[in-house]
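Here is how the chains run, residue by residue.
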Amino acid sequence: FHPSEEATHMYIVASGRLKYVRIERCGTELGTENVDKGEDWIAESVLWIRSWPHIGRLTAMTESDLLCVDPRIFGEVISLNPAAHMFAQTYCRNFLEWLRSVPPEELSDISQGEIIGDQIRGFMGIVREKSELQEQKSSKRMNMLDFVSRPSSRSRESS
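Now for a quick tour of the structure. (Residues numbered from 1 in each chain as written. Predicted model: local features only at pLDDT ≥ 70, side-chain atom pairs only at ≥ 80, totals over all residues. Heavy atoms only, no water.)

### Some thoughts on the pattern of salt bridges
Right, on to step 1. Going through the model one piece at a time under the given rule, you end up with 3 salt bridges.
Right, on to step 2. The closest approach of N and O atoms between Arg 17 and Asp 36, which form a salt bridge, is 2.6 Å. Of the two residues, Arg 17 is situated in strand 2 (residues 17–23) and Asp 36 in strand 3 (residues 29–36); the sequence distance between them amounts to 19 residues.
Right, on to step 3. The partner of Arg 72 in a salt bridge is Glu 76, and the shortest N-O contact between them spans 3.0 Å. Taken together, the residues Arg 72 and Glu 76, both in helix 2 (residues 71–78) and 4 residues apart, mark about one turn of the helix. (Salt bridge = Lys/Arg side-chain N within 4 Å of Asp/Glu carboxyl O. Helix = DSSP H or I, 4+ residues; strand = E, 2+ residues; numbered from the N terminus.)

Laid out in structure tokens, this is it:
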């Protein structure tokens, strides 16, 4: 995608590597990020707001597979389960609060799990002991593919 192009989906990198370049409105390139399998996701904002114009350019560096999440279908499916819907509403409120607080020059289409894992857990309302968080950081990076494919501990307890 290219800057100012309207986002249509959130993407999760299933395989491959992409390169993202953040670009100012005047066309100046602000920086480059590698977007890697299992760590990063793209254009999450499109799930939570009506319109998200991309603010950078994304290109594949290797052959890549992306999991595409359609925001309309995501909303329809998540609303079928009242507990999941309430969980998503909490996450959305916290995500939007964070989004409003970020200066425009610091926004990105890319979410890098290894950097924002604690923040995402905060959006979900998950509070953990500091020692548990430090242990997890040292043992494993946050992996978005694991996150979307694993049931939460709450759902396992209730089944």
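### Some words on the sheet that holds strand 5 (residues 56–60)
Right, on to step 1. Across the sheet, which stays open at both edges, the 3 strands sit in the order 3-2-5 with antiparallel pairing between neighbours. Looking at the sheet topology across the chains shown, the edges are occupied by strand 3 and strand 5. Each neighbouring strand pair of the sheet contributes to a mean axis angle of 20°, computed without reference to strand direction.
Right, on to step 2. Relative to strand 3, strand 2 is paired through 7 bridges, and the arrangement is antiparallel. Across the sheet, Val 21 pairs through a bridge with Thr 32, a residue of strand 3. (Pairing = 2+ DSSP bridges. Axes fitted to C-alpha atoms, helices over the stretch in contact; angles between N-to-C directions.)

### With respect to the nonpolar core
One broad trend across soluble globular proteins is that nonpolar side chains are buried collectively.
Right, on to step 1. Counting 32 residues, the largest nonpolar core has Val 35, Ile 42, Trp 48 and Leu 58 as its most contacted members.
Right, on to step 2. For this core, the secondary structure elements donating two or more residues are strand 1 (10–15), strand 2, strand 4 (40–42), helix 1 (45–48), helix 3 (82–101) and helix 4 (113–123).
Right, on to step 3. Contact partners of Leu 58, with chain neighbours within four places excluded, come to Phe 1, Leu 18, Lys 19, Tyr 20, Val 35, Ile 42 and Ile 110. (Core = buried A, V, L, I, M, F, W, Y, C linked by side-chain atoms within 4.5 Å. Buried < 20%, exposed > 50% of the residue type's maximum accessible area, 1.4 Å probe, protein only. Contact = heavy atoms within 4.5 Å.)

### Remarks on helix 3
Right, on to step 1. Taking 1.5 Å of rise per residue, 20 residues should cover 28 Å, and helix 3 covers 29 Å from first to last C-alpha, within 8% of that figure.
Right, on to step 2. Burial in helix 3 covers these residues: Ala 88, Tyr 91, Cys 92, Phe 95, Leu 96 and Leu 99. Buried positions in helix 3, seen along its axis, are confined to an arc of 135° and lie on one side of it. Along helix 3, exposed side chains directed more than 90 degrees from the buried face belong to Pro 82, Ala 83, Met 86, Arg 93, Glu 97 and Ser 101.
Right, on to step 3. Between a side-chain oxygen at the N-terminus of helix 3 and the backbone nitrogen of Ala 83 the separation is 2.9 Å; the capping residue is Asn 81. (Expected span 1.5 Å × (residues − 1). Arc of directions from axis to C-beta. Polar contact = N/O pair within 3.5 Å; in protein donor to acceptor, adjacent residues only side chain to side chain.)

### So, the environment of Leu 99
Right, on to step 1. You can see Leu 99 is positioned in helix 3.
Right, on to step 2. Separated by 54 residues in the primary sequence, Leu 99 and Ser 45 place their C-alpha atoms 8.6 Å from one another.
Right, on to step 3. If we skip the residues at most four places from it in the chain, Leu 99 touches Ser 45, Ile 49, Trp 52 and Leu 107.

### Things to note about a nonpolar patch on the surface
Right, on to step 1. Taken together, the side chains of Ile 73, Val 77 and Leu 80 make up a nonpolar region of the molecular surface, amounting to roughly 300 Å² of accessible area.
Right, on to step 2. The residue Ile 73 is located in helix 2 in this model.
Right, on to step 3. Under the relative-accessibility criterion, Ile 73 is labelled partly exposed at 40%. (Patch = residues over 30% accessible without salt bridge, like charges linked within 9 Å, V, L, I, M, F, W, Y side chains within 5 Å. Areas by Shrake-Rupley, 256 points an atom, 1.4 Å probe, with all protein chains shown as cover.)

### Digging into the side chain of Ser 45
Right, on to step 1. For Ser 45, the position within the fold is in helix 1.
Right, on to step 2. Excluding its chain neighbours within four sequence positions, the residues that come into contact with Ser 45 are Trp 52, Phe 95 and Leu 99.

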